[in-house]
Amino acid sequence: MNIVFDCERMKHPYTGLFEYCVQLGKALQTCTAPDDQIIYYVPERYERYFGNGAGYRIHSAVHRVFPVTVKCADIVHGNPAFIKTAGKAKRIITIHDLNFLYEKTSPAKINKYLKIFQHNADKADAVITISEYAKNDILNHLTTGNKPVFVIHNGCNVSEYPDYDAPGYRPATPFLFSVGTVLPKKNFHVLPCLLAHTGYELIIAGKGNSDYADKIIDEAKKYNVADRVKLLGAVNDKDKYWYLKHCEAFLFPSLAEGFGIPPVEAMHFGKPVFLSTKTSLPEIGGKYAYYFDDFAPENMRAVFEAGMNHYAQTNPIPLITGHAGRFNWERSAAAYLNVYKSVLQL
């Protein structure tokens, strides 16, 4: 089986789609049979990234006008805007989410995005998505006909740096942590209220929008805690490891997540994780996380205090880490290969 795996999104480092391409791309190699061949469609600087035993096609902007064709492919897993199928090859696309439906997006843009996703679905023989929540959105907002829609959860392989102790910013007090692109959909501005009447710092890592960063600080000023809210920008893997390992709790009040890898990363360390009840997060956190069902400051503080007390009294660390271990890329890659084989039979 010859598989073309689209890694064009690797042109955007420090994003969830970059990690998806990298981690699934590596894991597929461990699960394929000896006579399988993976051909990676990558930005030029990532040629040979997955080793010399793989095949490569180099992404170019001109492929949006003149898509590249890989004639030997049996499965093309990727964007039809860049890669054409030939012969009897089957097309699979992954739709990670339709989060734009829940963001402050104009109706015109929503319709534009829906048309793009519908076009991609029309070109595909099967669709993969990353949560039951995202699948329901796809079935409710796109027309898939009789095409199968598969759910395969993302994996989460956390890089370990046990001897690392030199973060770019070292908190002066016990701290709460969150990570993600600093955009309104992440809802970070509701978090500073949790610092009131405590000694915690709040560390938020991730590149993003300066206007929204200003909003987070403005909210912190309302509670006189602006000096304890630190927006670090993008951090490297070692720093992220350090903050996850040493935080008192992980906070992720996002309003739009197709999956949500950061909570799983925090659960890998056995941390108490506080999530919103929105979109896919309850599916991912399960009964091993605590949930903000609204964002009124009084309610958030009550949920946080109750969750921290429960965590201290019950010591659920083995349960939390065990749950996180269910999300691994080798398991995900095996599921993708099973889908590839089943689609070849359609």
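Thresholds, definitions, all that
Residues numbered from 1 in each chain as written. Predicted model: local features only at pLDDT ≥ 70, side-chain atom pairs only at ≥ 80, totals over all residues. Heavy atoms only, no water. Pairing = 2+ DSSP bridges. Helix = DSSP H or I, 4+ residues; strand = E, 2+ residues; numbered from the N terminus. Axes fitted to C-alpha atoms, helices over the stretch in contact; angles between N-to-C directions. Contact = heavy atoms within 4.5 Å. Patch = residues over 30% accessible without salt bridge, like charges linked within 9 Å, V, L, I, M, F, W, Y side chains within 5 Å. Areas by Shrake-Rupley, 256 points an atom, 1.4 Å probe, with all protein chains shown as cover. Salt bridge = Lys/Arg side-chain N within 4 Å of Asp/Glu carboxyl O. Buried < 20%, exposed > 50% of the residue type's maximum accessible area, 1.4 Å probe, protein only. Parallel < 35°, antiparallel > 145°, perpendicular 65-115°, else oblique. Left-handed = near helix turned anticlockwise from the far one by under 90°. Nonpolar A, V, L, I, M, F, W, Y, C, P; charged D, E, K, R; others polar. Right-handed = clockwise from strand over helix to strand, strands pointing away. Core = buried A, V, L, I, M, F, W, Y, C linked by side-chain atoms within 4.5 Å. Polar contact = N/O pair within 3.5 Å; in protein donor to acceptor, adjacent residues only side chain to side chain. Phe/Tyr/Trp six-rings, centres within 6.5 Å; stacked < 30°, edge-to-face > 60°. Lys NZ or Arg CZ within 6 Å of the ring centre and 35° of its normal. Disulfide = S-S within 2.5 Å.

## Looking at the sheet that holds strand β11 (residues 201–205)
Part 1: Judged by pairing direction, the sheet is parallel, and its six strands sit side by side in the order β12-β11-β10-β13-β14-β15 without closing on themselves. Each edge of the sheet is formed by a strand with only one pairing partner; in this case those strands are β12 (229–233) and β15 (290–292). Between one strand axis and the next, the sheet turns through 25° on average, direction left out of account.
Part 2: Judged from the four bridges that link them, β11 and β12 form a sheet pairing that is parallel. From the neighbouring strand, A205 faces β12, where its bridge partner is G233.
Part 3: Its contacts with the sheet place helix α4 (residues 210–222) against β11 and β12, and it is angled at close to 165° to β12.
Part 4: Along the sheet face, helix α6 (residues 261–268) touches β10 (175–179), β13 (249–252) and β14 (273–276) and points at about 170° away from the line of β13.

## Things to note about a nonpolar patch on the surface
Part 1: Together, V62, V65 and F66 make up a nonpolar patch on the protein surface, roughly 340 Å² of accessible area in all.
Part 2: Taking relative accessible area as the criterion, F66 reaches 61% and is therefore assigned exposed.

## Quick word on the pattern of salt bridges
Part 1: Enumeration over the complete set of coordinates arrives at seven salt bridges.
Part 2: One salt bridge connects E47 with R48, and the closest N-O pair in it is separated by 3.9 Å.
Part 3: Using a relative accessible area of 38% as the deciding quantity, one classes E47 as partly exposed.
Part 4: Through salt bridges that share partners, E8, R9 and K11 make up one connected network.

## Concerning the packing of α6 against helix α9 (residues 317–325)
Part 1: Axis separation between α6 and α9 bottoms out at 8 Å; the angle between their running directions is 135°. Between α6 and α9, the angle falls in the class oblique. The way α6 lies across α9 gives a crossing that is left-handed. Contact residues: α6 offers V264, M267 and H268, while α9 offers I320, T321, H323 and A324.
Part 2: Partitioned by chemical class, the residues of the contact of α6 with α9 number four nonpolar, three polar and no charged.

## Describing the pairing of strand β1 (residues 2–6)
Part 1: The buried fraction of β1 is high, at four of five residues.
Part 2: What joins β1 to strand β2 (residues 37–42) is helix α1 (residues 16–31), and the crossover it makes is right-handed.

## Structural notes on the nonpolar core
Part 1: In this structure, L28, Y40, F177, F274, F304 and Y340 are the most contacted members of the largest nonpolar core, which totals 88 residues.
Part 2: Apart from the residues lying within four places of it in its own chain, the contact partners of F304 are L176, L194, Y200, A249, L251, F274 and F292.

## Re unusual backbone geometry
Part 1: Backbone geometry at R48 places phi at a positive 75°, although glycine is not the residue there.
Part 2: Looking at where R48 falls in the secondary structure, it is placed in the loop between β2 and β3 (55–58).
Part 3: Taking the relative accessible area as the measure of exposure, R48 reaches 43% and is therefore partly exposed.

## Here's the deal with the environment of S342
Part 1: Mapped onto the elements, S342 comes out in helix α10 (residues 329–344).
Part 2: When the C-alpha atoms of S342 and V65 are compared, they prove to be 31 Å apart, with 277 residues separating the residues in sequence.
Part 3: At 2.8 Å, the side chain of S342 forms a polar contact with the backbone oxygen of V339.

## Quick word on the packing of aromatic side chains
Part 1: Within the structure shown, the criterion is met by 26 aromatic pairs.
Part 2: With 5.1 Å between their ring centres and 75° between their planes, Y49 and F50 make a pair best called edge-to-face.
Part 3: Judged by relative accessible area, F50 falls into the buried class, the value being 6%.
Part 4: With a centroid separation of 6.0 Å and an interplanar angle of 90°, the aromatic rings of F175 and Y243 are classed as edge-to-face. Placement of the pair is F175 in strand β10 and Y243 in helix α5 (residues 237–246), with a sequence separation of 68 residues.
Part 5: Given the relative accessible area of 4%, F175 is considered buried.
Part 6: A network of ring pairs unites the aromatic residues F5, F18, Y20, Y40, Y46, Y49, F50, Y56 and W329 as a single cluster.
Part 7: In this arrangement the basic side chain of R326 is found over the ring face of F327, its NZ or CZ atom lying 5.3 Å from the centre.

## Observations regarding the state of the cysteines
Part 1: Enumeration according to the criterion identifies zero disulfides in this entry.
Part 2: Just so you know, C72 is unpaired, no disulfide at all, and the nearest cysteine sulfur is the one on C7, 16 Å from it.
Part 3: Classification of C72 as partly exposed rests on a relative accessible area of 41%.
Part 4: Its sulfur unpaired, C247 is 14 Å from the next cysteine sulfur, which belongs to C156.
Part 5: You can call C247 buried: its relative accessible area is 2%.

## Things to note about the sheet that holds strand β9 (residues 149–151)
Part 1: Pairing within the open sheet is parallel, and its seven strands lie in the order β3-β2-β1-β5-β7-β8-β9. Every interior strand has two partners, whereas the edge strands, β3 and β9, have only one. Adjacent strand axes in the sheet meet at a mean angle of 20°, parallel and antiparallel pairs treated alike.
Part 2: Packed on one face of the sheet, α1 meets β1, β2, β5 (75–77) and β7 (90–94) and runs near 165° to β1.

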